[in-house]
Amino acid sequence: MDYISTRGEAPALGFCDALLAGLARDGGLYVPREWPVLTKKEIRAFRGKSYQDVAFAVLSPFTNGEIPADVFRGMIDDAYATFRHPAVAPLVQTGANSFVMELFHGTTLAFKDVAMQLLARLMDYALEKRGQRATIVGATSGDTGGAAIDAFAGRERTDIFILFPHEKVSPVQQRQMTTSTAANVHALAIKGNFDDCQNLVKAMFNDAAFRDRVKLSGVNSINWARIMAQVVYYFTTAVALGGPDRKISFTVPTGNFGDIFAGYVAKRMGLPIEKLVIATNENDILARMLKTGRYEMRSVKATTSPSMDIQISSNFERLLFEANGRDASKVRAAMESLKQSNGFSVSEEALKFIKKDFRAGRASEKQVAETIRKTLADTGYLLDPHTAIGVFIANKNERPSSPMVTLATAHPAKFPAAVKSASGIDPALPTWLAGLMTREERFDILDPELKAVESFIGKHIRTGE
Ligand SMILES: Cc1ncc(COP(=O)(O)O)c(C=O)c1O
Ligand SMILES: N[C@@H](CCOP(=O)(O)O)C(=O)O
């Protein structure tokens, strides 16, 4: 199994090369040449198995035989030993046919920990084997950054630079990035929004001289290994609810389209999923696209769900590739149009393809607050604002025929101000993060200029000598 670029002009790579490359050299995103498929019998056999067992079975086909089985299994066990819940991604029932999949039991209280803990171990393995170092850059709207810093802090073979939008993340999110004392960690507050940060990261990847000089690697969901790791919890959850002998629907709070694309991959691998529901906040480019067939950027609004304040939804490119019959020239044309005129149209055929599996909805700020309040009153369950968007839209898309699972992507304590204003409750941080808000912060503030950021990185990377 090798990996091909959605833009069709970069060399196909093996698993470890795609892992270290992050973004393809033609600006595209790597996807497996074909989707591995599990039979119903194989999926049924996951019943009663641990999260780690399922992860090993689901992920092994993607590694292309490049990692010995016992080593890969050891990485999975180590990665998920960092989780505070033995099930890793437990389910909570919130209604007759509705469930919440809690993905926030990792070290930084966001679903990003699920993939990031494994990714750091995979990268260490690949770098060690090659005797190489890497410079990791990542863009964050709040959660990816903290999870990446936690997973990579102190690792000898990597330096990590995380770009976050200055004054646009929650105080807890900021401190998860700025209070690390590890010498290989650098938090950079960029005077702009998340899309500016993501554009800078992509521009660094497209600057071949810089990319090669610093041995650039990425940890955003443009990196295939991030998506891959997130496929697992769709399997564990579906099986817990009667899959594969019953169809399950999932509602996913969506920004960069990584988490929901992982659900699509699970479906392509043979998991019977009824519908994948895209849930957006007022930055609703994806919901508008599904309705009109036009992917069109508008300016970004700051909301109480800052991690989803995104316009350029990177992983939509992976779905576009599938929806266009893997015709890379159509993806290239769409991305060129996005660059030139801030939008592109999805063909009727491609839109039909997307609508077969996906639904979409948006929640206003008022609806988010009301969902937090009402869910607490009705069920005693406290939602964070991102998950509340999912629950609000899930409620509208529920069907009596199949369970609806909303992905709980963050712990409410990451967003105390919004949660308190909606519910009156001040959610406490877990004990292991108790000192977070009083630790000393360390970060640099930079303009959203490629050369300034590249120069900062060039000056701060360690050589390993
Ligand atoms: C809490 C939270 N929910 C939802 C999302 C959206 O996930 P994705 O970007 O994979 O669509 C993010 C960030 O990406 C997040 O941090
Ligand atoms: N919401 C994300 C944005 C980056 O997404 P990624 O999944 O591509 O890393 C965040 O919290 O940083």
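Rules behind the numbers
- Residues numbered from 1 in each chain as written.
- Chains lettered and ligands numbered in written order.
- Predicted model: local features only at pLDDT ≥ 70, side-chain atom pairs only at ≥ 80, totals over all residues.
- UniProt positions renumbered as here; feature names shortened; annotations may be inferred.
- Helix = DSSP H or I, 4+ residues; strand = E, 2+ residues; numbered from the N terminus.
- Buried ≥ 20, exposed ≤ 12 C-beta atoms within 10 Å, placed from the backbone.
- Contact = placed C-beta atoms within 7 Å.
- Near = placed C-beta within 6 Å.
- Nonpolar A, V, L, I, M, F, W, Y, C, P; charged D, E, K, R; others polar.
- Axes fitted to C-alpha atoms, helices over the stretch in contact; angles between N-to-C directions.
- Parallel < 35°, antiparallel > 145°, perpendicular 65-115°, else oblique.
- Pairing = 2+ DSSP bridges.
- Right-handed = clockwise from strand over helix to strand, strands pointing away.
- Left-handed = near helix turned anticlockwise from the far one by under 90°.

An unreviewed UniProt entry annotates the protein chain as Threonine synthase originating from Rhizobium tropici. What UniProt records for the protein chain under Pathway (unreviewed entry) is the sentence "Amino-acid biosynthesis." In its Catalytic activity (unreviewed entry) section, the UniProt entry covering the protein chain states "O-phospho-L-homoserine + H2O = L-threonine + phosphate".

## Concerning the overall build of the protein chain
Looking only at helices and strands, the protein chain has 19 helices and 15 strands in total. Counting over 465 residues, the protein chain shows a buried share of 55%. When contacts within the protein chain are restricted to residue pairs at least 6 apart in sequence, long-range pairs at least 24 apart make up 75% of them.

## Structural notes on the site of ligand 1
Inspection of the region around ligand 1 gives 16 residues, with Asp143, Asn256, Gly258, Ser307 and Thr409 positioned closest. For the shell around ligand 1, the residue count by class is five nonpolar, nine polar and two charged.

## Points about helix H12 (residues 285-292)
Among all positions in H12, only Ile285, Leu286, Ala287 and Met289 are buried. Residues of H12 that are buried in the fold lie against strand E10 (273-280), strand E11 (294-296), helix H13 (316-323) and strand E13 (358-362). Count one or two residues on from H12 and you reach Gly293, which has phi positive near 80°.

## Considering the packing of helix H16 (residues 365-379) against helix H17 (residues 385-397)
Between H16 and H17, the least distance of the axes is 9 Å, while the angle of their chain directions is 85°. Put simply, H16 runs roughly perpendicular to H17. Facing H16, whose interface residues are Gln367, Val368, Thr371, Ile372 and Thr375, H17 presents Pro385, Ala388, Ile389, Val391 and Phe392. Here the residues of the contact of H16 with H17 are counted per class, giving seven nonpolar, three polar and no charged.

## Comments concerning the UniProt feature "modified residue: N6-(pyridoxal phosphate)lysine" (unreviewed entry) in the protein chain
Within the UniProt annotation, "modified residue: N6-(pyridoxal phosphate)lysine" (unreviewed entry) is assigned to Lys112. With respect to the element layout, Lys112 can be found in helix H5 (residues 112-130). Once residues within four sequence positions are removed from consideration, Lys112 is found in contact with Asp143, Thr144 and Ala147.

## Concerning the site of ligand 2
Surrounding ligand 2, one finds 13 residues, the nearest of these being Thr140, Asp143, Thr144, Asn220 and Ser221. Ranked by residues supplied to the shell around ligand 2, first place goes to helix H6 (residues 143-152) with three residues. Per-class residue counts for the shell around ligand 2 are no nonpolar, 12 polar and one charged.

## Remarks on the pairing of strand E5 (residues 134-139)
By the criterion of burial, E5 is predominantly enclosed, with six of the six residues buried. Judged by which residues are buried, E5 turns out to be covered on both faces: Ala134, Ile136 and Gly138 on one side and Thr135, Val137 and Ala139 on the other are all buried. As paired strands, E5 and strand E6 (residues 158-165) are joined by six bridges and run parallel to one another. What sits directly across from Ala134, in E6, is Thr158. Where the polypeptide runs from E5 across H6 and back to E6, its parallel neighbour, the crossover connection is right-handed.

## So, the UniProt feature "domain: Threonine synthase N-terminal" (unreviewed entry) in the protein chain
Those places that UniProt annotates as "domain: Threonine synthase N-terminal" (unreviewed entry) correspond, in this numbering, to residues 3-80. The span residues 3-80 shows a helical share of 42% and a strand share of 8%, and its end C-alpha atoms are spaced 26 Å apart.

## Some details on the sheet that holds strand E7 (residues 185-190)
The strand order across the open sheet formed by five strands is E8-E5-E6-E7-E15, and the pairing between neighbours is parallel. Lying at the two open borders of the sheet, with one neighbouring strand each, are strand E8 (216-218) and strand E15 (444-446). Put simply, the sheet's adjacent strands are angled 30° from each other on average, direction ignored. Here three bridges tie E5 to E8, and the two strands are oriented parallel to one another. Note that in E8 the partner of Val137 across the bridge is Gly218. Sitting on the sheet, helix H19 (residues 450-460) is in contact with E5, E6, E7 and E15, with an inclination near 150° to E15.

## Things to note about the environment of Val232
Its place among the elements puts Val232 in helix H10 (residues 224-240). Residue Val232 is classed as buried on the basis of its C-beta count, with 27 C-beta atoms lying within 10 Å. Excluding residues within four positions of it along the chain, Val232 makes contact with Val54, Ala55, Val58 and Leu59.

## Observations concerning the packing of helix H3 (residues 51-59) against H10
Axis separation between H3 and H10 bottoms out at 9 Å; the angle between their running directions is 120°. Classified by the interaxial angle, the pair formed by H3 and H10 is oblique. The two elements H3 and H10 cross, and the hand of that crossing is right-handed. Residues Tyr51, Val54, Ala55, Val58 and Leu59 of H3 form the contact with H10, whose participating residues are Met228, Val231, Val232, Phe235 and Thr236. Residue classes in the contact of H3 with H10 are distributed as nine nonpolar, one polar and no charged.

## Examining the sheet that holds strand E9 (residues 248-253)
Reading across from one edge, E3-E4-E14-E9-E10-E13 is the order of the six strands in this open sheet, with mixed pairing throughout. Each end of this open sheet is capped by a strand with a single partner; those strands are strand E3 (91-93) and E13. For this sheet, the mean angle separating the axes of adjacent strands, direction not counted, is 25°. Sheet topology note: the E10/E13 ladder contains five bridges and is parallel. Note that in E13 the partner of Ala279 across the bridge is Gly361. Packing of helix H11 (residues 258-268) onto the sheet brings it into contact with E9, E10 and strand E14 (404-408), and relative to E10 it is tilted by some 170°.

## A few points about the environment of Glu42
Mapping Glu42 onto the fold places it in helix H2 (residues 40-44). Distance in space between the C-alpha atoms of Glu42 and Gly270 is 10.0 Å, their sequence separation being 228 residues.

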